[in-house]
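Per-entry structural report
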Amino acid sequence: MLESPRYLWRLVAIGRTLARHNALFPFELLPQARPLLRLARPFVNENAAGRPGQRLAAALEELGPSFIKFGQSLATRTDLLGEAIARDLATLQDALPSFPAAAARATIATDLEQPVEALFSDFQDRPVAAASIAQVHLATTTDGDEVAVKVLRPGIEKAIERDLGFFAWLARLVERTQPHLRHYKPVEAVAIFAQVTRRELDLRLEAAAAVELAENAEGYEGFRVPAVDWRRTGRRVVTFERIVGQGITDRAALIAAGHDPDRIMENAAKAFFSQVFKDGFFHGDMHPGNILIDREGTIVALDFGIMGRVDMADRRHMAGILVGFLERDYVKVADVFFAAGFLPDDADRMAFVQAVRSIGEPILGLPLEEISFGRLMGQLLAMAEQFRMQTQPQLLLLQKTMVVAEGVGRLLNPKVNMWQLAQPLVEDWIIAHLGPKARLQQALDDGLQMAGRLPHIVRRLDEALERERTRHVAVDRVKLFQGWFWPLVVGVLIGLAVG
Ligand SMILES: Nc1ncnc2c1ncn2[C@@H]1O[C@H](COP(=O)(O)OP(=O)(O)O)[C@@H](O)[C@H]1O
Ligand SMILES: [Mg+2]
């Protein structure tokens, strides 16, 4: 409570900054704030340039690191701010003036408990990048390795803690005084945001994420992760193998360097799909600034501060939703939401089916290369919010990442839908986890319940066998399906007999 005056004052200061950019509109969500908005009117700069979302982005940039991060996370919440504003927030630039190299050296020496000269034979004082939380210096280790060293901003932990305290206070205030906003769970949302942001402040976690991703990626084609130098890594410093390469956004430049952009795109699509569906651990910040193409044409991911995890249940849900859309089976899509427990049992099922159809039909009428499954998923999650869906942060991050990945894909080749490229993987995964095999497994589990669906299952099985044959895939799996078939029949018959 003692903090309230301080936070109130902070709120006023923030209000002034927002007014200067004519970006007070988020407060219109709060009816009680209307008199305050009227008070602020004389301070509003009507000449501020740009769309509302751009003005808000400019104000958040001025407010500093936590607000930049906050704006970036709001960019996933089309349900709160609408698509146009969310899209503008997604462009929030995370570039800040650099801090002095002397401070970076001091941080390294303190954190690693050794003088910089003992660790690096060469340390370039001019950073190659400076963002809200850290900056990156190129260096050569005393072992002779070329590396990139990421160092936290001095005092960043304290600044972020202060802002996180403010966000939590504001969220409590909103939850207490705004019943109509309660289902957005502001307190919980801020708590999750705080957790993610704090995690980014411990660079050992980033290094660990890089190693985990690297292990998963061993079998991927044309995708890798720079090695971590643990001897030169601590809470406030992380050292990676230096990657020499070029950006991914310039198709012509890639071709000029002798690379095949289409191949790169295929590898990127497969790597992304494998991360999400095979490993359940994905890079959650896949914008072009975090990707380099090395001399061999291999995609190298950088920046492992934001990673996402999806458990097997959610992977199945996602796949079920996508398959439902592709089959234009909107009841199936809606059923996933109820079966997953995302929507409360008493939500209006048929109204939700109708809503899902209203999202699916216009998108699925487009040519395949124009379909964005990330945006489709975004609209769906936003719609589900209106049916009182519990916010699923892991799905929101995944959805945002899909949108970003699709954007990168479009730069590489606008004529191809990246999911098409991952199709063989997608099919294998779906057959293994949602397809006949998985279904038969479930059928066995459910025994009698499934008896009525036997013809349906047999048909699916035939389809699967046919698909296997035409694709000349290993005979093993055909056997596997057959292996499932007879136990199923016996199981169902026993079930019928017992029933
Ligand atoms: N291993 C590396 N090799 C070469 N350049 C790197 C490496 N790591 C980072 N960089 C450069 O530094 C920039 C910022 O690094 P990044 O890890 O993305 O930090 P931030 O979290 O601040 O975005 C990258 O966009 C890239 O240009
Ligand atoms: Mg980055």
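Up top is the structure these notes are about.
To keep things clear, this report deals only with the structure shown in the data block. (Residues numbered from 1 in each chain as written. Chains lettered and ligands numbered in written order. Predicted model: local features only at pLDDT ≥ 70, side-chain atom pairs only at ≥ 80, totals over all residues. Heavy atoms only, no water.)

Notes on the side chain of T298
- Tracing the sequence through the fold places T298 in the loop between β9 (291-294) and β10 (299-301).
- Those residues in contact with T298 that sit more than four places away from it in its chain are G222, F223, R224, L292 and I293. (Helix = DSSP H or I, 4+ residues; strand = E, 2+ residues; numbered from the N terminus. Contact = heavy atoms within 4.5 Å.)

Focus on the site of ligand 1
- Lining the immediate surroundings of ligand 1 are 13 residues, of which K150, E241, I243, G289 and N290 lie closest.
- Within the backbone of I243, one N or O atom sits 2.8 Å away from a nitrogen atom of ligand 1.
- G289 places a polar main-chain atom, nitrogen or oxygen, 2.8 Å from an oxygen atom of ligand 1.
- Burial of ligand 1 by the protein amounts to 80% of the accessible area it has alone, namely 550 Å².
- Elements that contribute at least two residues to the shell around ligand 1 include exactly β4 (146-152) and β6 (237-241). (Near = heavy atom within 4 Å. Polar contact = N/O pair within 3.5 Å; in protein donor to acceptor, adjacent residues only side chain to side chain. Areas by Shrake-Rupley, 256 points an atom, 1.4 Å probe, with all protein chains shown as cover.)

Description of helix α9 (residues 156-177)
- For α9, built from 22 residues, the straight-helix expectation of 32 Å at 1.5 Å per residue is met to within 8% by its first-to-last C-alpha distance of 32 Å.
- Burial in α9 covers these residues: I156, I160, D163, L164, F166, F167, W169, A171 and V174.
- Each element contacted by the buried residues of α9 is listed here: α1 (4-20), α4 (65-74), β4 and α10 (186-200). (Expected span 1.5 Å × (residues − 1). Buried < 20%, exposed > 50% of the residue type's maximum accessible area, 1.4 Å probe, protein only.)

Looking at the pattern of salt bridges
- Inspection of every chain in the model, using the stated rule, returns 25 salt bridges.
- A salt bridge links E62 to R20, with the shortest nitrogen-to-oxygen separation between them at 2.8 Å. You can see E62 sitting in helix α3 (residues 52-63) and its partner R20 sitting in helix α1, a full 42 residues away along the chain.
- Note that R162 and D163 form a salt bridge whose closest N and O atoms lie 3.6 Å from each other.
- Overall, the relative accessible area of 3% leaves D163 in the buried class.
- By sharing partners, the salt bridges in this structure join R10, R162 and D163 into a single network. (Salt bridge = Lys/Arg side-chain N within 4 Å of Asp/Glu carboxyl O.)

Notes on the coordination of the magnesium ion (ligand 2)
- In the first shell of the magnesium ion (ligand 2), the protein supplies N290 (OD1) and D303 (OD), at 2.2 Å from the metal. Remark: D303 occurs in the loop between β10 and β11 (307-309) and N290 occurs in the loop between β8 (281-283) and β9; sequence separation between them is 13 residues.
- Among the residues examined, N290 registers a relative accessible area of 6% and is labelled buried. (Donors = N, O, S within 2.8 Å, 3.2 Å for Na, K, Ca; no water.)

Focus: the environment of G297
- Within the fold, G297 resides in the loop between β9 and β10.
- When neighbours within four sequence positions are excluded, G297 is seen to be in contact with H259 and I264.

Let's talk about α4
- α4 sits mainly inside the fold: seven of its 10 residues count as buried.
- Listing the buried residues of α4 in full gives S66, F67, I68, K69, G71, Q72 and L74.

Remarks on the sheet that holds strand β5 (residues 223-224)
- Taken together, the four strands give an open sheet; going across it, the order is β5-β10-β9-β7, and neighbouring strands pair in mixed fashion. Unpaired on one side and paired on the other, β5 and β7 (245-246) mark the two borders of the sheet.
- Of the pairings in the sheet, the one linking β7 to β9 comprises two bridges and is antiparallel in character. Residue pairing in the sheet places G245 in a bridge with D294 of β9.
- Contacts between helix α13 (residues 261-279) and the sheet are confined to β5, β9 and β10, with β10 contributing the most and set at about 40° to the helix. (Pairing = 2+ DSSP bridges. Axes fitted to C-alpha atoms, helices over the stretch in contact; angles between N-to-C directions.)

What to know about unusual backbone geometry
- A positive phi angle is found at N22, which is not glycine, with a value near 50°.
- Here N22 is to be found in the loop between α1 and α2 (34-40).
- The backbone of R388 shows a phi angle near 65°, a positive value even though the residue is not glycine.
- Of note, R388 is situated in the loop between α17 (373-386) and α18 (393-412).

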